[in-house]
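Letter by letter, the chains look like this.
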Amino acid sequence: MRRAVAAILLLAAAACRARHEAPAAATPVAAPTPAKAEPGLGFLDGARDGTPQEGGTLYRRLGGEPTTLNGILQSSAFEAEVLQYVQRNLFDYDASLRQVPGLAEKLEVSPDGREYVVTLKADGVWEDGKPVTARDVVFTIERIRDPKVPAPVYKSLFEDLEQVEALDPRRVRVRFKEPYAFRSMAFVLPVLPEHRFAGQRFLSAKDNRAPLSNGPYRLVSWKTQESLELERNPRYPWQRGTFDKILFRIVPDNGTAFRMLMAGQVDENALDATLKARIESNPPSDTCCRVVEFYNLDFNYIALNNRSPLFSDTRVRRAMTMLLDRASLVRDLYRGSARIISGPWAPDSPAYDASVEPLPFDPAGAAKLLAEAGWRDTNGNGSLDHDGREFEFDLLVSAGSDIGRQIDEMLAAELAKVGVTARVRQMEWSAFVGKVDAGEFDAASLGWSAGDPNPDPYFYWHSSQCPPNGQNDGCYQSAEADRLMDEARRTLDADKRTALFHRLHKIFRDEAPAIFVVNPTQKFAFTRSIRGVTTSPLGIFGIWPGPLGWWKKAE
Amino acid sequence: MTRSGIGRLPGSARVALAVVVALWLVAAASPAFASRAREIHLGQRLAAPSATHPFGTDDLGRDLLARVVAATPISLAIGLTAAAVSLIVGFAVGATAGYAGGATDLVLSRLIEVMLCFPVLFLLLALAALLPPSPLTIILAIGLTTWAGDARYARAEVIKIKDLDYARAARAAGASTPRILVRHLLPNALPPLIVSAAFGVAWAILAEASLSFLGVGLPAPAVSWGGILSAAPTYIEEAWWLALFPGLALFLTVAAYNLLAEGLRAATTEGGRKA
Amino acid sequence: MTAYLLRRLALAIPTLFGIAVVVFLLVHLAPGSPVFGSSDAIRRPTGRAAEEMRRLYGLDRPLPERFATWISRAARFDLGDSFVDHRPVGERIREALPNTLLLNGLALLFALAFAIPLGVAAGGRPEGTFDRLSGAALFAMYSMPTFWAALLLQTLFSVRWHVLPLYGVASDAPGGGLSGIVDRVAHLALPVTCLTYGTLAFVARLVRAGVAEAAASDFVLAARARGASRRRALWAHALPNALLPVLTLLGLLLPALLSGSVIVERIFAWPGVGRLYLDSILARDYPMILGLSLLTAVATLLATLLADLASAAADPRVRDGAIS
């Protein structure tokens with residue numbers, strides 16, 4: 001199926017499992033500096049002119065059907081976008097990635113960093129009138145831990161939970177086995193109404209399709225494969241949205257969604273470079289469009305299997321990076337809407353050191369490096385070889401990713417010129433993940449998408465996380481990098497931690513464990529009358545108030 | 001063995017044969033286009049057909065004509081091999097079932113029925129998506145999902161022939177079953193089998209294209225017409241040529257093989273007997 | 001007749017079992033796993049969380065045990081719960097089935113409605129102008145790949161001329177009454193066309209061949225000699241005989257239609273069984289894949305059985321086993 005737009009596959013966000021001592025309160029991630037001034041790019045949508053129209057319907061688009069409306073069972077963005085209106089989290093991220101109160105008003109942590117106490121707000125209430133209580137929170141966390149419940153997003157966050165209990169109707173104590181600096185992120189968590197699940201099998205409960213709301217809107221109807229309709233929840237005590245109704249249209253195909261946007265049948269739609277160009281070349285109509293473009297924390301990279309004889313030598317890996325013309329990619333494939341990265345973070349991440357320059361595009365230099373590493377054409381067949389092994393490999397990419405395939409084909413073309421044969425192999429998603437997670441590949445095109453602001457590289461680059469234990473799929477092993485990552489996770493002081501990340505960044509650039517490609521922009525189009533859009537490094541949706549703050553300019 | 005020769009083919013089939021031969025010639029000449037087919041020119045993405053690019057360019061600026069030509073040998077080879085697999089397996093199973101009769105026939109007929117009861121594309125999809133991607137897998141997948149039709153056919157033919165005099169005579173003379181099958185039954189069953197084979201090639205080429213279109217076909221870089229077509233829906237508004245030309249090549253090939261098969265069928269059956 | 005029926009039914013059971021085994025093996029020998037979720041997933045479980053999910057889905061049990069569990073439940077019409085949304089497999093199929101039936105039903109209807117008269121007209125005058133022309137056209141239709149036809153039709157009717165909608169079952173807020181019906185019909189036009197033309201070509205050629213042969217046979221000539229008009233001779237006498245092979249092949253048309261449905265449903269975003277099947281394969285939703293495969297196979301088996309019964313009733317030779 002045509003999946004949601006552009007951004008490359010493999011949404012694997014950071015799982016907060018690193019061991020760390022917690023600060024006294026939730027550490028705000030340093031507010032990221034706004035992107036360099038370029039037309040249309042920025043963190044905040046400055047269009048605040050006009051008076052909000054009260055009432056009316058907001059038409060949103062979903063790229064696929066939600067599989068459930070149970071906050072714990074949710075697995076994809078389709079569920080999250082609907083649930084955001086219906087079930088509030090204990091805490092949320094605001095546009096500057098600070099953790100702000102949601103259903104809960106206070107988060108306290110013990111001196112040893114292992115124990116947290118969450119205090120709920122006094123007036124949180126379900127749409128049936130019952131209050132949101134600590135028992136609901138305990139129920140939710142117990143369900144997450146339940147081995148019979150597949151909770152893909154939250155399970156790993158509570159893996160080293162020791163105990164959870166309600167201290168009183170408004171306070172919950174949660175104790176973990178170890179302290180961890182980014183632990184507070186685990187409390188960006190929805191809450192389930194315990195009283196609704198009594199007497200039903202959790203996985204097949206009716207509430208999974210018709211959730212009880214504690215948020216500004218409630219579910220009215222769900223027409224499978226067609227639409228979901230929400231209306232105001234009259235019991236919601238806090239900041240309401242301006243719309244009376246929200247209608248989600250389920251439109252899997254990007255082309256159709258685009259056409260619906262132009263016709264005013266949806267008020268927002270994600271864009272890729274092609275669609276953005278189409279908007280810019282189309283004559284403007286009454287309803288369409290305003291384009292909002294910004295950089296978030298996502299990036300793409302090509303993982304190299306460091307354990308393979310092909311890529312175990314640092315010089316070879318550097319050569320690979322030097323053979324990808326990233327400037328041309330940005331210019332021609334992304335039409336300028338991307339930034340080259342030199343390490344496994346987006347430039348707006350606090351861990352990124354802007355002074356670490358990316359390796360240049362230098363085929364001659366790359367050829368020299370390859371020769372130094374022992375790869376020459378000894379048998380005269382036009383292809384490099386070493387110890388009797390020809391330099392050829394499969395470059396895997398997931399079938400749904402056009403951009404990934406295009407990048408790979410560019411790389412393969414350049415590699416062919418120096419005598420390296422890369423076969424671009426598109427694989428169906430599940431099979432692709434199977435191979436990558438098992439470490440059974442030579443090179444694979446991957447993407448990283450931030451579900452939360454955690455910059456910790458431990459799970460992706462530490463030698464203890466090689467397959468099958470973790471997600472260091474290429475099994476990069478460096479004693480020094482390991483040491484720095486371990487130390488950073490133990491460091492409480494944000495500045496010291498950042499300094500450590502910056503040193504890591506230099507190592508990642510020099511040792512090129514993977515080919516770091518680009519950090520592309522996120523692009524959205526809105527009908528002209530929509531205002532109040534806030535962007536953030538986490539995107540448009542995963543923040544508070546996020547879409548709740550949108551409004552339509554009254555005529 | 002049909003001694004009909006080309007002369008007995010109806011006119012349309014002769015044209016079809018010429019087209020098929022031309023296609024194979026194009027396939028033979030395709031290595032000359034291979035490098036041009038791989039050249040990426042990001043600055044000329046999705047260019048409309050012109051003098052320099054008669055078929056236009058694709059989403060990476062590669063010349064579409066070169067790509068379509070370069071895809072020819074793969075599409076043809078897969079089609080032929082898959083049809084061959086289907087025919088061989090089908091004949092073996094079907095002839096054995098028809099000849100042996102009794103319990104063997106019962107069991108084998110059930111097997112044939114099992115394969116026939118599957119929507120072919122379902123099975124193809126499952127096989128192609130679930131097995132490791134390679135040309136061999138695709139060939140096997142297509143061949144193994146279509147052999148049942150050939151088997152049913154072969155079984156019916158063998159049943160018709162096995163009690164005829166010359167077969168009985170051979171049996172009386174002590175010839176072994178495989179020998180009878182191959183030396184006596186096969187030559188007489190051959191004409192309809194050849195017809196079936198020609199249809200099979202057309203179907204196999206279509207099947208491979210469908211799989212590639214759905215994204216579970218040949219892995220790049222071994223690209224086929226279906227593979228080129230799989231990118232067409234994304235750019236359907238800007239680049240109609242991406243859909244038109246590879247599809248045209250596909251259509252021409254399939255039509256040619258179908259026409260050839262029709263002609264062979266007409267040539268090998270006398271007096272309007274339904275083949 | 002009853003003996004034939006009973007025999008066929010009895011033989012259907014091992015066939016069903018064989019189907020179950022084939023599908024089960026196929027699905028479970030594949031790489032990939034339902035644990036990975038879909039490509040839209042926010043987070044992929046690894047390590048302990050993944051292990052737990054595997055155990056929850058029963059993926060750690062040995063294959064024969066899983067097969068036994070599944071087949072015993074299936075025999076009681078319990079197809080289990082989908083891995084994707086934990087709803088019963090039957091429920092999800094029930095939601096998607098009407099859409100596919102609508103599409104395929106209409107396609108079959110139109111195909112037959114056009115193919116039979118066409119075949120009769122062509123077969124009535126073999127090698128005539130109409131026969132040649134229609135033969136060429138039918139031939140072209142027969143050879144055209146479904147997805148290509150779909151793309152071309154979309155480009156023409158939706159992108160170029162904006163006459164018909166590009167995708168989907170209906171526009172949102174289609175409105176009730178006449179405009180709603182018109183909207184639905186408009187959305188049906190392209191997908192049904194794509195599904196119809198292949199079957200049409202196939203059946204038409206079959207009818208044509210049958211009619212041409214029957215028209216030359218003795219009893220039709222006798223009917224003509226008795227004064228029946230050409231038309232009557234063709235329709236009342238030649239056609240029924242020609243329809244016999246069509247009937248037997250009707251059972252086999254079902255899987256062919258369902259196959260075509262997968263592609264059409266995907267291109268036109270039609271929420272039917274074909275699309276469900278493709279999505280389930282990609283998500284490794286084992287219970288769904290198994291349930292769907294079993295159901296379609298059963299349906300095909302039934303259709304084949306019915307077709308065989310009909311031809312057995314019409315043709316004694318079939319009953320006696322001369323023709324399988």
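Each remark here, short or long, concerns the structure printed above.
Criteria and thresholds
- Residues numbered from 1 in each chain as written.
- Chains lettered and ligands numbered in written order.
- Predicted model: local features only at pLDDT ≥ 70, side-chain atom pairs only at ≥ 80, totals over all residues.
- Heavy atoms only, no water.
- Helix = DSSP H or I, 4+ residues; strand = E, 2+ residues; numbered from the N terminus.
- Rg over C-alpha atoms; globule rule 2.2 N^0.38 Å.
- Buried < 20%, exposed > 50% of the residue type's maximum accessible area, 1.4 Å probe, protein only.
- Contact = heavy atoms within 4.5 Å.
- Areas by Shrake-Rupley, 256 points an atom, 1.4 Å probe, with all protein chains shown as cover.
- Lys, Arg positive; Asp, Glu negative; His and termini not counted.
- Charge placed at Lys NZ, Arg CZ, Asp CG, Glu CD.
- Buried area = accessible area lost by both parts, 1.4 Å probe.
- Salt bridge = Lys/Arg side-chain N within 4 Å of Asp/Glu carboxyl O.
- Polar contact = N/O pair within 3.5 Å; in protein donor to acceptor, adjacent residues only side chain to side chain.
- Nonpolar A, V, L, I, M, F, W, Y, C, P; charged D, E, K, R; others polar.
- Pairing = 2+ DSSP bridges.
- Axes fitted to C-alpha atoms, helices over the stretch in contact; angles between N-to-C directions.
- Core = buried A, V, L, I, M, F, W, Y, C linked by side-chain atoms within 4.5 Å.
- Disulfide = S-S within 2.5 Å.
- Patch = residues over 30% accessible without salt bridge, like charges linked within 9 Å, V, L, I, M, F, W, Y side chains within 5 Å.
- Parallel < 35°, antiparallel > 145°, perpendicular 65-115°, else oblique.
- Left-handed = near helix turned anticlockwise from the far one by under 90°.

> Tell me about the overall build of chain A, and name the residues and values.
Within chain A, the secondary structure is distributed over 13 helices and 23 strands. A compact globule built from 555 residues would reach a C-alpha radius of gyration of about 24 Å, and chain A, at 24 Å, matches this within 12%. For chain A, the spread of C-alpha atoms along the three principal axes comes to 80 × 60 × 40 Å. Relative to its full complement of 555 residues, chain A shows a buried share of 63%. Long-range pairs, those at least 24 residues apart, make up 70% of the contacts in chain A between residues at least 6 apart in sequence. Summing over all exposed atoms, chain A offers an accessible surface of approximately 19,700 Å²; the carbon and sulfur share of this is 50%. For chain A, the distance from the average site of its 69 positive side-chain charges to the average site of its 74 negative ones is 3 Å.

> Tell me about the overall build of chain C, and name the residues and values.
When its secondary structure is counted, chain C shows twelve helices and zero strands. Element order for chain C, N to C, with α for helix and β for strand: α-α-α-α-α-α-α-α-α-α-α-α. Expressed as lengths along the three principal axes of its C-alpha atoms, the size of chain C is roughly 85 × 55 × 35 Å. Burial status across chain C gives 52% buried among its 324 residues. Between the mean site of the 30 positive side-chain charges and the mean site of the 22 negative ones, chain C shows a separation of 5 Å.

> Run through the interface of chain A and chain C, naming residues and quoting values.
Taken together, the contact pairs 50 residues of chain A with 36 residues of chain C. For the pair chain A and chain C, the summed buried surface comes to about 4,100 Å²; carbon and sulfur atoms form 52% of the total. Put simply, chain A and chain C have three salt bridges between them. Our enumeration of links across chain A and chain C arrives at three residue pairs in polar contact (both at pLDDT 80 or more). Mapped by element, the contributors of at least two residues to the side of chain A that touches chain C are helix H1 (77-86), helix H4 (254-262) and helix H10 (429-437) of chain A. Broken down by element, the side of chain A that touches chain C gets its largest block of residues, six residues, from H10 of chain A. Of the residues in the side of chain A that touches chain C, the class split is 23 nonpolar, twelve polar and 15 charged.

> Give a description of the sheet that holds strand E20 (residues 514-516) of chain A that names residues and reports values.
Residue and element names in this part refer to chain A. Ordered by their spatial adjacency, five strands build an open sheet running E18-E17-E19-E13-E20, and the pairing between neighbours is mixed. Looking at which strands have only one partner, the edges of the open sheet turn out to be strand E18 (421-427) and E20. Pairwise comparison of adjacent strand axes, ignoring direction, gives a mean angle of 25° for this sheet. As paired elements, strand E13 (residues 299-304) and E20 share three bridges and run antiparallel to each other. Bridging from a neighbouring strand, Ala303 pairs with Ala514 of E20.

> Provide a residue-level description of the nonpolar core, including the pertinent values.
Ranked by internal contacts, the top residues of the largest apolar core, which has 78 residues, are Leu64, Ile142 and Leu229 of chain B together with Phe147 of chain C. Here this core takes 13 residues from helix H10 (residues 240-268) of chain B, the largest share from any one element. Excluding residues within four positions of it along the chain, Leu64 of chain B makes contact with Phe55, Gly56, Thr57, Asp58, Ile228, Trp241, Leu242, Phe245 and Pro246 of chain B. Counting residues in each nonpolar core, the second largest holds 70 residues, with Val138, Val149, Leu157 and Leu228 of chain A among its members.

> Quick one: what's the story with the state of the cysteines, residue by residue and with numbers?
All names here are of chain A. The final tally for this structure, using the stated rule, is two disulfides over all chains. In this model Cys288 forms its disulfide with Cys289; the gap between the sulfur atoms is 1.1 Å. Summarising the burial analysis for this pair, Cys288 and Cys289 share the class buried. Across a sulfur-sulfur distance of 2.0 Å, Cys466 and Cys475 are joined as a disulfide pair. Looking along the S-S bond of the Cys466-Cys475 disulfide, the torsion reads about 85°, which is the right-handed sense. There is no split in this pair, since Cys466 and Cys475 are both buried. Each disulfide of chain A joins two cysteines, and with those cysteines numbered along the sequence the arrangement is 1-2, 3-4.

> So what about a nonpolar patch on the surface? Which residues, and what values?
A cluster of nonpolar residues, Leu136, Leu140 and Leu144 of chain B, forms a patch on the protein surface that exposes about 270 Å² of accessible area. Note that Leu140 of chain B resides in helix H6 (residues 135-162).

> I'd like to hear about the pairing of strand E6 (residues 161-168) of chain A, residue by residue, with values.
All names here are of chain A. As defined by bridge partners, E6 adjoins strand E7 (residues 171-176) across six bridges and the pair is classed as antiparallel. Across the sheet, residue Val164 finds its bridge partner in E7, namely Val174. Two successive antiparallel strands, E6 and E7, enclose a turn made up of two residues.

> How would you summarise the packing of helix H1 (residues 11-29) of chain B against helix H3 (residues 64-100) of chain B if you had to cite specific residues and measurements?
All names here are of chain B. With their axes 8 Å apart at the nearest point, H1 and H3 run at an angle of 120° to one another. Here H1 is positioned oblique relative to H3, judged by the angle of their axes. In terms of crossing hand, the pair formed by H1 and H3 is left-handed. Every residue of H3 that contacts H1 at Leu23, Trp24, Val26 and Ala27 is listed here: Val69, Thr72, Pro73, Leu76, Ala77 and Leu80.

> Describe the interface of chain B and chain C, with residues and values.
Each partner contributes residues to the interface: chain B has 45 residues there, and chain C has 47 residues. With both chains or domains summed, chain B and chain C bury close to 4,300 Å², and 76% of this area falls on carbon and sulfur atoms. Counting every contact that joins chain B to chain C gives two salt bridges. As a salt-bridge pair, Arg8 of chain C and Glu113 of chain B come within 3.3 Å of each other at their nearest N and O atoms. Scanning the region where chain B abuts chain C turns up seven residue pairs in polar contact (both at pLDDT 80 or more). Where the side of chain B that touches chain C is concerned, the elements lending two or more residues are helix H4 (102-116), helix H5 (120-130), H6, helix H8 (177-214) and H10 of chain B. Of all the elements, H10 of chain B adds the most residues to the side of chain B that touches chain C, at twelve residues.

> Tell me what's going on with unusual backbone geometry, and back it up with residues and numbers.
Apart from glycine, the bulk of residues carry a negative phi angle, and the bulk of peptide bonds sit in the trans form. All names here are of chain A. A cis amide bond links Pro467 to the next residue, Pro468, at an omega of 5°. Structurally, Pro468 can be placed in the loop between helix H11 (458-461) and helix H12 (479-490). Look at the link from Trp544 to Pro545: it is a cis peptide, with omega at 0°.

> Quick one: what's the story with the sheet that holds strand E10 (residues 245-250) of chain A, residue by residue and with numbers?
Residues and elements named next belong to chain A. Pairing is mixed across the open sheet formed by four strands, whose spatial order is E1-E10-E9-E8. Two strands bound the open sheet, and with one partner strand each, they are strand E1 (57-62) and strand E8 (217-223). Between one strand axis and the next, the sheet turns by 20° as a mean value, whatever way the strands run.

> Give me the lowdown on the packing of H4 of chain A against helix H5 (residues 273-281) of chain A, citing residues and values where you can.
Residues and elements named next belong to chain A. Direction vectors running N to C along H4 and H5 enclose 30°, while the axes themselves pass 12 Å from each other. Judged by the angle between their axes, H4 and H5 are roughly parallel. Crossing hand, H4 versus H5: right-handed. On H5, the residues that touch Asn254, Phe258 and Leu261 of H4 are Leu275, Arg278 and Ile279.

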